[in-house]
Amino acid sequence: MQDLENNASQAVKTNKNGRAAASYTLLLLTLVYTFNVVDRFILGILLPQIKQEMVLNDSLLGLLTGAAFAIFYATLGMPIARLADRFSRKNIIAICLTIFSVMTALCGLASSFLWLFLARVGVGIGEAGTMPAAASMVADLYDKKKRSSAMAIMSVGANIGLLIGFIVGGYVAANHGWRAAFMVIGLPGVILAAIIVYTMQEPERGAADNLDKNDDSAVPSFKQCLGFLSSQKSFLLMNASFALMIATSTGALAWVPSFLNRSHGMAVDQVGLALGLIIGIGGIFGTVVIGGFLSDLLAKRDLRWGVWIGAFGAGIMAIGYTLMIMAPTGQTALIAFLIPGILGIYFQGPLMALLQAVSPVKMRATSIAIALFITNLLGLGLGPLIIGALSDFLNPTYGDASLQMALFFIPVTLIIAIFVFFAASRPLNSDIMRAEAYQD
């Protein structure tokens with residue numbers, strides 16, 4: 001009897017230690033994503049100063065915020081993810097974190113458009129390896145019933161990152177210039193990389209799915225991964241909806257600060273404070289409560305709620321952005337922005353969880369890399385660029401209001417996303433069964 005009690009006590013202690021380790025790892029991964037987003041989107045709040053100093057048109061600014069980063073971020077994500085499916089994911093994350101942090105700081109030393117462009121390319125190269133490895137680790141720490149919440153918690157890093165980037169970046173830029181802002185934001189990531197190397201534990205692959213820990217079967221080749229995942233209709237459609245949502249969110253983050261500055265005369269630090277508070281604090285509610293807990297709660301009834309929530313949210317955001325664009329004053333524009341600002345990236349947690357669900361365990365890092373390649377090349381790469389190009393194209397007709405008119409790209413794209421979300425829900429359950437059967 002005493003032995004049974006001792007065994008039970010030891011099991012409880014082991015379970016608590018496991019939960020604590022998982023929580024600590026999730027915290028570090030959330031911080032990684034925070035630095036990832038800070039370094040990626042700090043440029044948006046600095047564009048007005050960079051435009052003035054370097055005398056650049058909106059197309060070139062859109063190239064800096066989008067394609068310069070996205071091309072390498074998307075393409076290098078796949079080979080790095082292949083390494084993450086084979087080797088230490090925490091070491092890959094630490095190396096990539098160091099690279100993009102240093103490259104962000106180097107943006108502050110840029111003396112020309114070419115230098116700034118190449119430094120942004122370096123940021124994209126560094127950030128390429130963090131999310132596939134991080135998503136794979138989260139999937140090994142939490143089972144399907146808790147995975148959306150875990151992914152949503154990690155996604156909160158984006159809200160925190162935007163809060164820090166817009167407020168701190170806006171304040172430093174207003175008082176010390178845009179170059180100092182890049183340096184202040186970039187360098188702390190190197191410290192986090194060291195903490196990860198020495199304190200993070202690597203989870204066992206497939207542990208949360210109760211797979212055989214001694215399974216030594218080979219990791220599927222990239223050709224096998226691509227062949228299987230491309231046959232999953234829901235995987236393709238969720239990526240399409242993901243790309244459309246990313247195009248709208250990155251387009252807004254890149255150009256809404258400039259819109260408020262040009263159309264409503266708001267100063268860079270004023271814009272940074274307002275947007276940072278809305279996205280950073282309000283966005284946490286949307287990301288965690290709507291994209292995480294509500295999604296997991298509804299998923300207990302039907303996993304398709306993960307994409308249905310995406311569709312409903314896209315419709316609400318389209319209304320919010322339309323009201324913001326048409327607002328007569330900066331204050332009313334910010335009030336309207338509360339709607340998309342709170343929802344923000346609510347879709348990311350459920351979508352990433354479902355992308356993992358339709359992927360066999362040993363393809364998970366690769367599946368996220370493929371997803372990021374599609375969504376970022378099309379969404380992150382084209383969203384800011386299209387809005388900037390539209391602004392330049394409309395300038396002869398609308399003058400200073402050209403950027404305002406170009407921003408209608410966002411609600412139109414969100415309406416298209418609604419239909420793609422609903423299409424993705426149809427084959428979802430059968431695709432999850434196929435992924436589970438593949439690994440049996």
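Residues numbered from 1 in each chain as written. Predicted model: local features only at pLDDT ≥ 70, side-chain atom pairs only at ≥ 80, totals over all residues. Heavy atoms only, no water.

**Quick look at the overall build of the protein chain**
Here is step 1: Looking only at helices and strands, one finds 19 helices and 0 strands in the protein chain.
Here is step 2: Here the protein chain has a C-alpha radius of gyration of 21 Å; the compact-globule value for 440 residues is 22 Å, and the two agree.
Here is step 3: Counting only C-alpha atoms and orienting by the principal axes, one finds that the protein chain spans roughly 80 × 45 × 45 Å.
Here is step 4: When the 440 residues of the protein chain are sorted by exposure, 57% land in the buried category.
Here is step 5: Nonlocal contacts in the protein chain, meaning residues at least 24 apart in sequence, comprise 85% of its contacts between residues at least 6 apart.
Here is step 6: Accessible surface for the protein chain amounts to roughly 17,400 Å². Of this, 68% is attributable to carbon and sulfur atoms.
Here is step 7: Across the protein chain, the mean location of the 27 positive side-chain charges is 3 Å away from that of the 23 negative side-chain charges. (Helix = DSSP H or I, 4+ residues; strand = E, 2+ residues; numbered from the N terminus. Rg over C-alpha atoms; globule rule 2.2 N^0.38 Å. Buried < 20%, exposed > 50% of the residue type's maximum accessible area, 1.4 Å probe, protein only. Contact = heavy atoms within 4.5 Å. Areas by Shrake-Rupley, 256 points an atom, 1.4 Å probe, with all protein chains shown as cover. Lys, Arg positive; Asp, Glu negative; His and termini not counted. Charge placed at Lys NZ, Arg CZ, Asp CG, Glu CD.)

**As for the pattern of salt bridges**
Side chains that differ in charge, positive against negative, can pair when their charged atoms come close.
Here is step 1: Tallying each qualifying case throughout the model produces 7 salt bridges.
Here is step 2: A salt bridge links Arg179 to Glu53; the shortest N-O distance between them is 2.6 Å. Of this pair, Arg179 sits in helix α8 (residues 178-186) while Glu53 sits in helix α1 (residues 2-54); the two residues are 126 residues apart in sequence, bridging distant segments of the chain.
Here is step 3: A residue is classified by how much of its surface remains accessible, and Arg179, at 26% relative accessible area, is partly exposed.
Here is step 4: Accessibility expressed as a relative area gives 43% for Glu53, which makes it partly exposed.
Here is step 5: One salt bridge connects Arg262 with Asp58, and the closest N-O pair in it is separated by 2.6 Å. Of this pair, Arg262 sits in helix α11 (residues 233-264) while Asp58 sits in helix α2 (residues 58-65), and the two are 204 residues apart along the sequence.
Here is step 6: Overall, the relative accessible area of 3% leaves Asp58 in the buried class. (Salt bridge = Lys/Arg side-chain N within 4 Å of Asp/Glu carboxyl O.)

**Some points on the packing of helix α4 (residues 89-107) against helix α5 (residues 113-127)**
Here is step 1: At a minimum axis distance of 7 Å, the contact between α4 and α5 shows a crossing angle of 165°. The pairing of α4 with α5 is recorded here as roughly antiparallel in orientation. Crossing angle aside, the handedness with which α4 passes α5 is left-handed. Residues Cys96, Ile99, Phe100, Met103, Thr104, Leu106 and Cys107 of α4 form the contact with α5, whose participating residues are Trp115, Leu116, Leu118, Ala119, Arg120, Gly122, Val123, Gly126 and Glu127. (Axes fitted to C-alpha atoms, helices over the stretch in contact; angles between N-to-C directions. Parallel < 35°, antiparallel > 145°, perpendicular 65-115°, else oblique. Left-handed = near helix turned anticlockwise from the far one by under 90°.)

**Things to note about the packing of aromatic side chains**
For any two aromatic rings, the description comes down to two numbers: the centre-to-centre distance and the angle of the planes.
Here is step 1: With the rule as written, the count across this model stands at 8 aromatic pairs.
Here is step 2: A centroid spacing of 6.0 Å and a plane angle of 80° characterise the contact between Phe312 and Phe422, whose relative ring orientation is edge-to-face. With a gap of 110 residues between them, Phe312 in helix α13 (residues 305-326) and Phe422 in helix α18 (residues 409-425) connect regions that are remote in the sequence.
Here is step 3: When its relative accessible area of 45% is taken as the criterion, Phe312 is described as partly exposed.
Here is step 4: With relative accessibility at 33%, the residue Phe422 sits in the partly exposed group.
Here is step 5: An angle of 65° between the planes, with centres 6.3 Å apart, marks the rings of Tyr321 and Phe337 as edge-to-face. One end of the pair, Tyr321, is in helix α13; the other, Phe337, is in helix α14 (residues 330-343), and 16 residues separate them in sequence. Assigned by exposure class, Tyr321 and Phe337 land together as buried. (Phe/Tyr/Trp six-rings, centres within 6.5 Å; stacked < 30°, edge-to-face > 60°.)

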